[in-house]
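Structural features, examined
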Amino acid sequence: MTNVAAPSTGGFSSDQARTLIPPVGSTEHTTCCEYCPVACGYKVFTWPIGSDGGPEAADNALGRDFPVGPLAGGWISENMHTVVRVDGALRNCVVIPDPDATVVNVGGGHSVRGGALAKKLYRSDGPTSDRLTTPQLRVDGVLVPIPWDVALDLVADVSRHVIQQHGELAWGMKIYSYQFFENTYAASKLALGAIATPNWSPHHAPAEGDDVPGLSDAGIDAFGAAFADDRAADVILIAGTDPYETKTVRFTQWQSPGGAALVVVDPRRTFTAAYAEENGGIHLQINPGTDTCLFNAIVLYILEHGWEDHEFVRANTASRRELDAEGHWRRVKFGRTREELLEYLRSDRDFTLTGAARVTGVKSEKIREAARLLSGGTGAQPLTSVLFEKGVYWSHNYENTAAIANLGLVLGAVGREGRATARMGGHQRGGVKAASYPLAKSPHEVDGHPIEMDTERWLVEGRTRFRWVVGTNWLSAMAGSAALSRRVAELVGIGPTITSTDPKTVLAQMKARIDAGGMVLVHQEIYENESTRYADLVLPAATWGEEDFARANAERRIRLYQRFMDPPGDARPDWWIFAQVARRMGFDGFDWADSNAVFEESAPRSGGSRKDYRALVEKARREGVRAHDLLAEHGTTGLQAPLGLDGDRITETVRLHEDLRFKSDSGRANFVLPDWSAVRNRNRVLAPRPEKGEVWVLNGRVNALWNNLSDFSRRQLSNDRWPLNPIEINPLDARRWGIGAGDLVSVECDSVLDQVGERTSGGFTAVAYPTDAVPPGVTFTYFLFPGSPSNNVVPADTSLQPLSLRYPFKLGRGTIRRLGRASGIDTMSFVPRNLVPSGGTGHVPADV
């Protein structure tokens, strides 16, 4: 454990080392992990260089005797330390899991990702020194620094021109959906409120809208569960995610200690799948793209054997009369009663045990055993939860989410302790909109009903003249990303090149490009990435730790992420940038003094949602304090929303639907048509073509990395473990193709549907990782590795899923070809990653 001292020159240095312990009197802040949806609680200590604490409890800020063991709360590793600037002065900084946490990461557990949060912080002498620090304009192809006033004026002036000359549909914003309340509120107040454009979409999809529409049409909230339900459950179905890899502390502290039997649905034999089999559970290793069939078969078997939760279904699901009276057309069209669902399931032999085994590749006896485990069979009904993530809804979106909702309902797995049907989450939940999406303006429809704009198709068609990208590696994150990148290069290349930093000249050249059919691109980020290379303006954002922000985790627990350091250079928080542009465009209501003012203003818009925090702001106003300050008093425990007020006491909500009221006009839940014929037809387009030698190319996250690696590509641990993008290949396939561990391979598809439905090509390279985690004919790679975007082989034609306009990210395809031996991989291990102790241990330490 060492820290880095500062030399007398005032710069950073690594030549002096001493014991790293924060002293008594250190400045203490609370925050949460930046990464997965669990959002473990952390404490941050900063203190002057050269005044460290001692190993005795009385001599340090943690009040603990050092050393402590690595699995004990309060342990400080080298990866938890850095040096930052606070009010311009150099300070030691440690970011440690809260050893006093009583929720989420109880006692200070953490993942390998969160345990190195300090390494994401800006240092001018370290791997993070390439943070964006000043606004930049691309002049003759090169980014050059410009003042904020010039940058903001250009964004505002170009925006006004686009709206006046080409209409608000030509003005678009691509933005994180999850980040912090303050930023998403400010962005949506400008784009959806003031400008009122439908050309708005989240970082992960081509269109605004519901990611789990089948679940929503059943009346179930996607984040109704509490982590405590995992520990209370007897049985947990986990589909489309590996929680040990991607939501580590939820698995190690809430799922494995509870001892629930796990029913894991995954084409891969992951660590979680192997753990399930060693601990009384079961792994249903399905063929990719067949989830709907599997869920339908399990539901049919449960219904035909009378194993459902009869009382729950009878009392809490809608009648045909109630469904016909619903106000939303999708629920009227696809909503089903129990009897109607049973009739549908009996009409297709693919849902029999024999048929489902043939389609899904899961043996009929395993499907039968899963139905028995989940329902209890002829015995007592267990407490069962049904949890899922992107492998379910980023494939056959509507049908999969409908089918898994039906499974949850027949099991009565909603709104009661240990009984939930919910997403596990892909990221934290910081979205709140200042205005409703202007659906009536969208140019797109399905079955005569307006649907959110497919913004990527609109852009590729040349109809977007201005796009503002915020906090996303946009191009690599979209399906058909190679084709999209090529089209963006064309659009920003139309008309004159920007040749000057003179604001009048720049504005005239940007207008000329726009009026000639081209596009101006603004990208707001913390680092350059594969999308900023096309940007005309790059705006530097302040982020986690550099501003006070609030958001919720996957169990709706809202906490304050406190500012504890200076942002680099002239970087500014996103809410401030949006406000400055809005004011320059002449819009009122953007004169916030700080992020707390944005948070307080946003509270009414959270009303009625799972993140309702109106009560917090109301109580703060009654007491004459800032809402951020009141939230900070709750530390890493936070407040579990929706919140209410009982006199002066804030009330919290452990889980949603406890009153057995659902998100429908009748207040009842309902079953939803899980249309297998639609999935079959889509699979004919998506499935690999054997005559071409293609295989499935699945993608997802792996431990020790996160998202597009904006932080992790700057961490030695991550670079050593994953210097290049891995692709898992079954050993039988590897031998057949002449590929060995560590070989560099190409993954290519010559028939990728682009954003307008035209066939194009795409590919990427990766390092072969032979493993039995994937079956023959199936490969798996990281989903957003820099320079190796797996989305190049994923189709982007949303006409394949017109109900929700979601890409089938998890269902890529391609051919695999050896290129030669990969270089620079000496630190990369190829040992199996899905091994568990034989016989099972029942519990996995949080820090494994």
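It should be emphasised that the depicted structure is a prediction, and the values quoted were computed from it without experimental measurement.

Turning to the packing of aromatic side chains, a few remarks are in order. If you walk through the whole model with that rule in mind, you get 32 aromatic pairs. Taken together, a centroid distance of 5.5 Å and an interplanar angle of 20° make the contact between Trp171 and Phe466 stacked. Taken together, the residues span a long stretch of sequence, with Trp171 in strand β9 (residues 171-175) and Phe466 in strand β19 (residues 466-470) at a distance of 295 residues. An identical accessibility class is assigned to Trp171 and Phe466; each is buried. Ring centres of Phe251 and Phe271 lie 6.3 Å apart, and the angle between their planes is 80°; on these two criteria the pair is classed as edge-to-face.

With that settled, the discussion passes to helix α12 (residues 338-346). Taken residue by residue, α12 has Leu341, Leu342, Tyr344 and Leu345 as its buried positions. One side of α12 carries all its buried residues, which in axial view fall inside an arc of 160°. Seen from the buried face of α12, the exposed residues on the opposite side, beyond 90 degrees, are Glu339, Glu343 and Arg346. Taken together, the buried residues of α12 touch α8 (291-304), β14 (335-336), α16 (397-410), β28 (671-672) and α25 (676-686).

Burial runs high along β9: 5 of the 5 residues are buried. The two faces of β9 match: Trp171, Met173 and Ile175 on one face and Gly172 and Lys174 on the other face are all buried. Sheet topology note: the β9/β19 ladder contains 5 bridges and is parallel. Across the sheet, Met173 pairs through a bridge with Trp468, a residue of β19. When β9 meets strand β10 (residues 200-202), the two strands line up parallel, connected through 3 bridges. Bridging from a neighbouring strand, Met173 pairs with Trp200 of β10. Running through helix α2 (residues 181-195), the crossover from β9 to the neighbouring parallel element β10 is right-handed.

Looking now at the side chain of Gln136. Position of Gln136 relative to the elements: it lies in strand β7 (residues 136-139). Take Gln136: its relative accessible area is 13%, and that puts it in the buried class. Those residues within four positions of Gln136 in sequence are excluded, and the remaining contacts are Leu143, Val144, Pro145, Ile146, Glu528, Asp536, Leu537 and Val538.

Moving on to the domain arrangement of the protein chain. For the protein chain, the assigned domains read domain 1 (27-120), domain 2 (136-207 + 430-592), domain 3 (224-424 + 663-672) and domain 4 (687-821). Contacts between the two partners involve 9 residues from domain 1, matched on the other side by 8 residues from domain 4. Carbon and sulfur atoms make up 60% of the surface buried where domain 1 meets domain 4, a total of about 780 Å² over both sides. Summed over the three residues of domain 1 that lose the most area to domain 4, namely Tyr35, Val112 and Arg113, the buried surface amounts to 65% of that side. Linking domain 1 with domain 4 are 1 salt bridge. One salt bridge in this structure joins Asp711 and Lys120, with 2.8 Å as the shortest N-O distance.

Here the focus is helix α7 (residues 271-278). By the criterion of burial, α7 is predominantly enclosed, with 6 of the 8 residues buried. Turning to α7, its buried residues are Phe271, Thr272, Ala273, Ala274, Tyr275 and Ala276. Next to the buried residues of α7 lie β11 (235-239), α5 (243-246), α6 (248-255), β12 (261-265) and β13 (282-284). Gly280 sits one or two positions beyond α7 and adopts a positive phi of about 80°.

Next up on the list: the pattern of salt bridges. If you walk through the whole model with that rule in mind, you get 68 salt bridges. One salt bridge in this structure joins Asp447 and Lys333, with 2.7 Å as the shortest N-O distance. Here the residue Asp447 occupies a position in the loop between β17 (444-446) and β18 (449-451), and Lys333 occupies one in helix α11 (residues 329-334), the gap between them amounting to 114 residues. What makes Asp447 partly exposed here is its relative accessible area of 48%. Here Glu728 ties to Arg833 by a salt bridge, and the two come within 3.5 Å at their closest N and O atoms.

The omega torsion across Phe66 and Pro67 is 5°, close enough to zero to call that bond cis. Structurally, the position occupied by Pro67 is in the loop between β4 (41-48) and β5 (81-86). Residue Pro642 is bonded to the preceding Ala641 through a cis peptide linkage, with omega at 0°. With a phi angle near 60°, Ala39 is a residue other than glycine that sits in the positive phi range. Despite not being glycine, Ala196 shows a phi value in the positive range, around 60°. Mapping Ala196 onto the fold places it in the loop between α2 and β10.

What follows concerns the sheet that holds strand β6 (residues 89-97). Read across the sheet, 4 strands follow the order β3-β4-β6-β5 without closing on themselves; strand pairing throughout is antiparallel. Unpaired on one side and paired on the other, β3 (27-32) and β5 mark the two borders of the sheet. Neighbour-to-neighbour, the strand axes of this sheet turn through a mean angle of 35°, independent of strand direction. In this sheet, β6 lies alongside β5 in antiparallel orientation, the contact comprising 6 bridges. Note on β6: the bridge partner recorded for Val83 is Asn92.

Looking at chain direction, strand β29 (residues 695-700) and strand β34 (residues 812-821) are connected through 3 bridges and run antiparallel. Its bridge partner being in β34, Trp696 is matched across the sheet by Arg813. Looking at chain direction, strand β31 (residues 743-753) and β34 are connected through 6 bridges and run antiparallel. Within β34, the residue paired with Ser746 across the bridge is Arg817.

On to the side chain of Thr360. With respect to the helices and strands, the residue Thr360 is situated in helix α13 (residues 353-360). Thr360 gets classed as buried once you look at its relative accessible area, which sits at 0%. A polar side-chain atom of Thr360 sits 2.7 Å from the main-chain carbonyl oxygen of Ala356. When residues no more than four places from it in sequence are discounted, the contact partners of Thr360 are Gln285, Ile286, Asn287, Thr290, Cys293, Leu294 and Ile367.

The strand order β22-β23-β25 describes an open sheet built from 3 strands, whose pairing is antiparallel. At either end of the open sheet lies a strand with only one pairing partner, and these are β22 (549-552) and β25 (639-640). For β22 and strand β23 (residues 557-561), the ladder comprises 4 bridges, and the chain directions are antiparallel. The residue of β23 that forms the bridge with Phe549 is Tyr561.

What follows is about the packing of helix α1 (residues 148-166) against helix α20 (residues 503-515). Contact geometry of α1 with α20 gives a least axis separation of 10 Å together with a crossing angle of 30°. In terms of axis orientation, α1 runs roughly parallel to α20. The two elements α1 and α20 cross, and the hand of that crossing is right-handed. Seen from α1, the contacting residues are Val150, Leu154, Asp157, Val158, His161, Val162 and His166; seen from α20, they are Pro503, Val506, Leu507, Met510, Lys511, Ile514 and Asp515.

What counts, and where the lines are drawn
- Residues numbered from 1 in each chain as written.
- Predicted model: local features only at pLDDT ≥ 70, side-chain atom pairs only at ≥ 80, totals over all residues.
- Heavy atoms only, no water.
- Phe/Tyr/Trp six-rings, centres within 6.5 Å; stacked < 30°, edge-to-face > 60°.
- Helix = DSSP H or I, 4+ residues; strand = E, 2+ residues; numbered from the N terminus.
- Buried < 20%, exposed > 50% of the residue type's maximum accessible area, 1.4 Å probe, protein only.
- Arc of directions from axis to C-beta.
- Contact = heavy atoms within 4.5 Å.
- Pairing = 2+ DSSP bridges.
- Right-handed = clockwise from strand over helix to strand, strands pointing away.
- Domains from an automatic or database assignment.
- Buried area = accessible area lost by both parts, 1.4 Å probe.
- Salt bridge = Lys/Arg side-chain N within 4 Å of Asp/Glu carboxyl O.
- Axes fitted to C-alpha atoms, helices over the stretch in contact; angles between N-to-C directions.
- Polar contact = N/O pair within 3.5 Å; in protein donor to acceptor, adjacent residues only side chain to side chain.
- Parallel < 35°, antiparallel > 145°, perpendicular 65-115°, else oblique.
- Left-handed = near helix turned anticlockwise from the far one by under 90°.

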